[in-house]
Amino acid sequence: MFSLFFFFLFLHLPFSVSKKQGTPCHLENTFSPTYFRDGDLVVGGFFPLLTDKISTFKYWKMFWFRLQYNSKNYQWLLKHDYQVLAFMFAVEEINRNPNLLPNISLGFHIYNVYHSNQRTLESSLMWLSGQGQTIPNYSCEKRDKSVVVIGGATSELIFFTATLLGLYNFPQISYGHFDPLLSDPLQFPSVYQMAPSDTSLPLAMVRLMLHFKWTWVGLVVSDDSRGEKFFRDLQKEMARNDICVNFFKKIIPGQSFTKKIYRVFVQDIFISAAKVIVLYGDTNSLLSMMFMKNPHVIVTRVWITSSHWDLAKKPSYIYFNNFYGALIFSDQTSKIPGFKHYLKTINPARYPENIFLKNFWNSAFGCTSHHGALHETVCSPNASLDTLSLSYLDMTMSEQSYTVYTAVYAVAWALHEMFLVKSEMESNIDGDKRIVHPWKLHSFLKKVHFNNSAGDQVVLDTKRKSVANYDILNYVTFGNDTEVLVKVGEFIAQNPLGQDFTIQEKAIVWHTGKGKPPQSRCSTVCGPGFQKKAQEGKPLCCFDCVPCLEGLISSHSDTDQCVQCPEDQYPNQERNQCLPKMVTFLAYEEPLGMALASIAVCLSFLTALVLWVFVKYKNTPIVRANNRDLSYILLISLFFCFLCSLLFIGCPSAANCLFRQTTFGVMFTAAVSSVLAKTITVVLAFRATRPGSRSRKWVGSRAPISVVLFCTLIQVMLCTIWLLLSHPFPEADTHSDHEHIILGCNEGSLIGFYFVLGYMGILALASFTMAFLARNLPDTFNEAKFITFSMLVFCSVWVSFLPTYQSTKGKMMAAVEIFSILSSSTGLLACIFIPKCYVILLQPHKNTRKTLKNNVKS
């Protein structure tokens, strides 16, 4: 549209105009207000200070016939006036500085720029042609003082003006927000951007969402290249942090919102589940949508936006509460010394030709500069801007005002460097030699690098431009139309992760009126003890909550996957935290350990008592009848078997683990081999009674003792090999019991352990077989029946021990082994020696040689 308009102008307007009276150079009336202050060099300022309310047809009529400006045809945009004040303040400050542009004064020419396409080139044509004129390729000035244009509140305005001014290679400095497209040196070689790069803004906004756990967010951006890039960057950052887009709306730049469009747009937002909406893009489109005189729906949401939306600069005639509690990311700026005092002292009387200040003053204070109708109030000469609300002017320098101020200084320093170079080449600079060709200023603007009065570094080179840091401001309104922007946090892009974002939750005022931030989620929060399960066909942020599986926990809300507790901890019943496991083992203090220890001691005492009886009655026939020495060895072995079970009780130690299985193996082997030797003795004694038997020579010899020693020695060798290759060691079992850590002994080599048990089993099986075969021998000499029964008990116990031991976990393994030791040893003691003790102690009349002979004869 603007290209056709520009082409149309050049075809129909004259390209040269005479300077006689009555020519356009001397027309006093114009249809667009400007403010000019002369100087040796003039800087242009393009600001969107008012917007037209006239139709396109009326505009062309005014353009061709040059009708006089009528304020009734315009609506003033008061929010941009303090940018003009910052512009004027910077120029006056530079002119007072003897060290910057000495003997050279800066002037300025302030123009209004329109957002409408049909008028977007008007200011540029007026600037090129002269004061108030729109004649292309012609200047009404005798000496061109114009050096640079500062403008571009939005990217769209720069796109339009850069097309025309770029033809003349005229420098333009944009004070609006950074736009990567404007950094293209091929498309916009004459455009410089003052604002820092806002590439960190998507990350900053996502940091805010993550802090408040907002995962279901709506996006509203302007339908232009800048909005598209921001949307892509923000969506990418949101996806990286598992934040989903609920809806996406585009605002067409310059679109005029009718009630119907407004209703549809707001209705879509109103019915959405997202309680948080991000705004980014064209300022005036949002204002035209939200600041309608008769809004139909009030949408209460958390609005996240950047400062160029100017939420706090709404029109004074509207009480609008939609943005109450909004969070605004504003570029961090420093305080400019003297600016606040300048605002307090400024007055229309000080600048009588400044029509912009005059209209702003009248609108802000609700007065008029001259006597008129009775209901109109004349402005007080002592009025001060510091009494106004935020709707009109902020006494601190805003982000864009700061950029305008810095842009004027950048021009001044570039000019200063240019004149320094000229002074080295020429001896005298005065008169016409002060003429500056604007296109020659580019090389100096690209090299600009200085510190402003606030101490901040300023560069125009895009490659050296820093990334923006942000203050997070909370927008609060009150019933008396008072507005406040409260700093509640900041984002410093250069800081390391975790230190780049800070927020003061208690300082934020929310639109809900509650102290807690609203939730914006697709699904409810999965509390501790639950994990998220994605809903099929829906975004990642929509999920169901399912309990953690057994053995897993989730200690935080919205856990993607439950996790296991550390080995020394276990999940509680709710599965939302890990509890420390209690260390346990088979201790003497607990009932089971106390009972087993008591039984072992009692049985060992009983064994010692039996041994005492046998020693006391060692010369009686019943003691001598079946190899007295073997009985002693068997009783001593059983005594130590009962005592070795105590090694399995108590806290396991290295020595305890090392000796308990080997001691048990050697003692039991001695006991079983003694039983085997007794069985052999019974068989030999029976055969020795036969006439001419060769077995008589073995009766009474040391052969049975040798059997015990030989069998025991083999077990000792097996145990030694086991200890040398892989000995037992203490172990903490964290898996058998999910609530306890069980201290026990790891047997090291299971092969060695089962070799020891297997060897004892072979001896026991051999004893049982021989005793079973000799069970029918005469009773006088025969212990075979008792040995058979005792070995049957022994084998039964240890055969059942193996599967039970393998299926038991924790400290019960030790209890099972102790029980097997005690029961099998008791079986040997009871079956072999209790009948003998009964005869010795209770029926001594049977323990005589005569009785034994009578039994033999019978």
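Residues numbered from 1 in each chain as written. Predicted model: local features only at pLDDT ≥ 70, side-chain atom pairs only at ≥ 80, totals over all residues. Heavy atoms only, no water.

Draft legend 1. Quick look at the packing of aromatic side chains. Under the definition given, this model contains 30 aromatic pairs. Arranged with centres 3.9 Å apart and planes meeting at 15 degrees, the rings of Phe-231 and Phe-248 form a pair that is stacked. Residue Phe-231 is located in helix H7 (residues 225-240), and its partner Phe-248 is located in strand E10 (residues 244-251); the two are separated by 17 residues in the primary sequence. Classification of Phe-231 by relative accessible area gives buried; the value is 12%. Here the aromatic residues Phe-664, Phe-668, Trp-722, Phe-753, Tyr-754, Phe-794, Trp-798, Phe-801 and Tyr-805 are joined through ring pairs into a cluster of three or more. Positioned above the aromatic ring of Phe-543 is the side chain of Lys-532, whose terminal nitrogen or guanidinium carbon lies 4.9 Å from the ring centre. (Phe/Tyr/Trp six-rings, centres within 6.5 Å; stacked < 30°, edge-to-face > 60°. Helix = DSSP H or I, 4+ residues; strand = E, 2+ residues; numbered from the N terminus. Buried < 20%, exposed > 50% of the residue type's maximum accessible area, 1.4 Å probe, protein only. Lys NZ or Arg CZ within 6 Å of the ring centre and 35° of its normal.)

Draft legend 2. View of a nonpolar patch on the surface. The grouping of Phe-605, Leu-606, Leu-609 and Trp-612 at the surface amounts to a nonpolar patch, some 430 Å² of accessible area in total. Among the structural elements, Leu-606 can be located in helix H14 (residues 591-616). (Patch = residues over 30% accessible without salt bridge, like charges linked within 9 Å, V, L, I, M, F, W, Y side chains within 5 Å. Areas by Shrake-Rupley, 256 points an atom, 1.4 Å probe, with all protein chains shown as cover. Salt bridge = Lys/Arg side-chain N within 4 Å of Asp/Glu carboxyl O.)

Draft legend 3. Seen up close, the nonpolar core. Phe-87, Ile-110, Ile-173 and Leu-415 are the most contacted members of the largest nonpolar core, which totals 81 residues. Ranked by residue count, the leading element in this core is helix H12 (residues 399-425), at 13 residues. By size, the runner-up hydrophobic cluster in this structure holds 57 residues, among which are Met-667, Trp-798, Ile-818 and Leu-829. (Core = buried A, V, L, I, M, F, W, Y, C linked by side-chain atoms within 4.5 Å.)

Draft legend 4. Examining the state of the cysteines more closely. Overall, the coordinates contain seven disulfides when judged by the stated rule. In this model Cys-522 forms its disulfide with Cys-542; the gap between the sulfur atoms is 1.9 Å. One quick way to see it: the torsion about the S-S bond of Cys-522 and Cys-542 is about 100 degrees, and its sign makes the bridge right-handed. In this pair, Cys-522 sits in the loop between strand E18 (501-503) and strand E19 (530-534) while Cys-542 sits in the loop between E19 and strand E20 (543-547), placing the two residues 20 residues apart along the sequence. A residue is classified by how much of its surface remains accessible, and Cys-522, at 29% relative accessible area, is partly exposed. (Disulfide = S-S within 2.5 Å.)

Draft legend 5. Inspection of the sheet that holds strand E5 (residues 106-112) at higher detail. In spatial order, the strands read E1-E5-E2-E6-E7-E8; together these six strands make up an open sheet with mixed pairing. Edge positions in the open sheet fall to strand E1 (34-37) and strand E8 (191-193), since each of these has one partner strand only. On average, each strand axis in the sheet is tilted by 20 degrees relative to the strand beside it, whichever way the strands run. As judged from the four bridges shared by E1 and E5, these two strands associate in the antiparallel manner. When the bridges of E5 are listed, Arg-37 appears paired with Phe-108. On the sheet, helix H3 (residues 81-96) packs against E1, strand E2 (41-47), E5 and strand E6 (146-151) and is oriented at approximately 170 degrees with respect to E5. (Pairing = 2+ DSSP bridges. Axes fitted to C-alpha atoms, helices over the stretch in contact; angles between N-to-C directions. Contact = heavy atoms within 4.5 Å.)

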